[in-house]
Amino acid sequence: MRFLLVVDLVMILNILSVHGQMTVAEKSDFTSTFTHAEVMSFINELTAASPFVRLDTLAMSVEGKLVPLLVMGDPLPAGPEDLKTDDRLVVYIQANIHAGEVEGKEASLMLARDLLKAHDPDYFRNLIILICPNLNPDGNDQISTRNRTNQNGPINGVGVRQNGQMLDLNRDAMKVETPEMRGVITQVFNRWDPALTVDCHTTNGSYHEEAVTFNWMVNPNGDRNLINYMRDELCPAVSRRLKTVYGVDNIFYGEFIDFRDYSKGWESYASEPRYFVNYVGIRNRLGILNENYVYADYKTRVLGCYGLLRSILDYSAENRATISELIRAADDAMILRNSDPVSADSFALEYEARPTPEMVTIHAYEVAPNPEPNVWPYFIRTDKKVTVTIPFFADLYPIKSIFFPFGYALTIQDQGILDLLRTHGISFSRLEDSTTWQVESFSISELKPAERLNQGHYTNRVQGEYTAAKKSFTPGTIYIPTAQPLGKLAAYLLEPQSDDSMLLWNFFDRYLVPQWGRGYLPYPVYRIIE
């Protein structure tokens, strides 16, 4: 199969050929991928050869493997405290969250090598670059040719999706039950506060010629100005640069709504903040999801991912001031929101996808039903090509919202809940005196667990209604203000009917029903509404 990823091989391979140190993909002629030990050996060579890179520890995996974090810059910051007097933009690149999806691991280490060797002043004058090339070392080292057999290479095998706890790291951004995701949040986001994050994956699904796809954070509870900037400015500019400078054809990430009728549109999905890039958006930061096309050959995917990462860094270096100002404005809006609340200031409980202002053009293949019934994939590619320009359903807007409160009062002293708030970096305090607030309390009318386990949880779905009243709260009650940069994240965790709440993930289960009798106890989180 020939892909439109006409990577400018002469240009990219010339860049790579001037550097002696080679990745496993390069040394094996793109038939193999790094083991974790090989990742660490490669990193140690980088740090030994350059004063502009340092190895930090992001986390320790369940199996005791160090999860590496490369910090790059000139001057190289000693730590996040240096950022107080440093106006460079922090960019975080993350790969191998799913350890069968390996091209980001290879491409990010190629990138680190090349940036350090070339010592591009535009990058290091404007950016501090953080790279975690192997977030899932335990899954990575289960390399086998039996994993991801639908994927077009590397022929010597890849790792597995889950971590050492049998959990999906890209479903853990809200509940934070894995050491790897805890490390990302506490060691990267709470310390370095990256303005822009890239998360590298390999996709499945629709058949098309473009071998590199990417998209922005889409959850509508994120800052709308940031979402629109990604949609209208940053991502289109990166797409153009990726094509014109690096010779890589690309499209925004999605799937056909209907494989039998492409005209119905192309849709983005997976919008909850449990998915890491959407979590980034809820924190008022810029997030890019990279999904390299599974049916493209391995070399094409690696080089295409490399071109995408360089395109993103190019744009970030050139537009550092604009990005910094947009993020500052988003944080300020949250911090100052209580001084000028409006009725439109709401939190989306349910939302729908609408077309973006611009359609997308996709160089697709027609499909036919799989001759084996009820066997995935349900449709298979034919050799007939078709180019379609169709609506892109990636703008999510609320269809059910609730007034965004001034804060929350938590009336239980549960260390698991408080630890999760601390892990996310959410500010809260304990009342020193009795306090009376006008609040809304949530009364549960129905609580149902899912029929099937999801990441070790029978997740909850709850129905109920709010009642407004004045209520006195005793000393020790936990007060979580929403006038803070992470106010939307706090709301997402504490609103009982949000689609990624702590109630959904069972943190409140023991507090919702009485020991004897029927019915439900009041939800122990109160919305402060005045």
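Residues numbered from 1 in each chain as written. Predicted model: local features only at pLDDT ≥ 70, side-chain atom pairs only at ≥ 80, totals over all residues. Heavy atoms only, no water.

A. Expanded view of the sheet that holds strand β14 (residues 392–403). Taken in spatial order, the 4 strands of this open sheet run β8-β9-β14-β11, and their pairing is mixed. The open sheet has two edge strands with one neighbour each: β8 (255–256) and β11 (346–355). Pairing of β11 with β14 involves 9 bridges; the strand directions are antiparallel. Each bridged residue has a counterpart across the sheet, and for F347 the counterpart in β14 is I402. (Pairing = 2+ DSSP bridges. Helix = DSSP H or I, 4+ residues; strand = E, 2+ residues; numbered from the N terminus.)

B. Structural detail: the side chain of D414. Mapped onto the elements, D414 comes out in the loop between β15 (407–410) and α12 (415–424). We note that D414 is buried and unpaired, the nearest opposite charge coming from R510 at a distance of 4.3 Å. A distance of 3.0 Å separates a polar side-chain atom of D414 from the backbone nitrogen of I417. If sequence neighbours within four positions are ignored, D414 has contacts with R510 and Y511. (Buried < 20%, exposed > 50% of the residue type's maximum accessible area, 1.4 Å probe, protein only. Lys, Arg positive; Asp, Glu negative; His and termini not counted. Salt bridge = Lys/Arg side-chain N within 4 Å of Asp/Glu carboxyl O. Polar contact = N/O pair within 3.5 Å; in protein donor to acceptor, adjacent residues only side chain to side chain. Contact = heavy atoms within 4.5 Å.)

C. The state of the cysteines, seen in detail. Evaluated as defined, the whole model comprises 0 disulfides. No disulfide involves C132; its sulfur sits 11 Å from the nearest other cysteine sulfur, which is in C200. Lacking any disulfide linkage, C235 is separated from the closest cysteine sulfur, that of C200, by 13 Å. (Disulfide = S-S within 2.5 Å.)

D. Just unusual backbone geometry, in detail. Cis geometry marks the peptide bond from D74 to P75; its omega dihedral reads 5°. Here P75 shows up in the loop between β2 (66–72) and β3 (89–94). Look at the link from G153 to P154: it is a cis peptide, with omega at 5°. Within the fold, P154 resides in the loop between α6 (137–140) and α7 (179–192). The phi dihedral of N284 falls on the positive side, at around 65°, and the residue is not glycine. Here N284 shows up in the loop between α9 (276–282) and β10 (286–293). We note that Q455 has phi near 55°; this positive angle belongs to a residue other than glycine. Classification of Q455 as buried rests on a relative accessible area of 19%.

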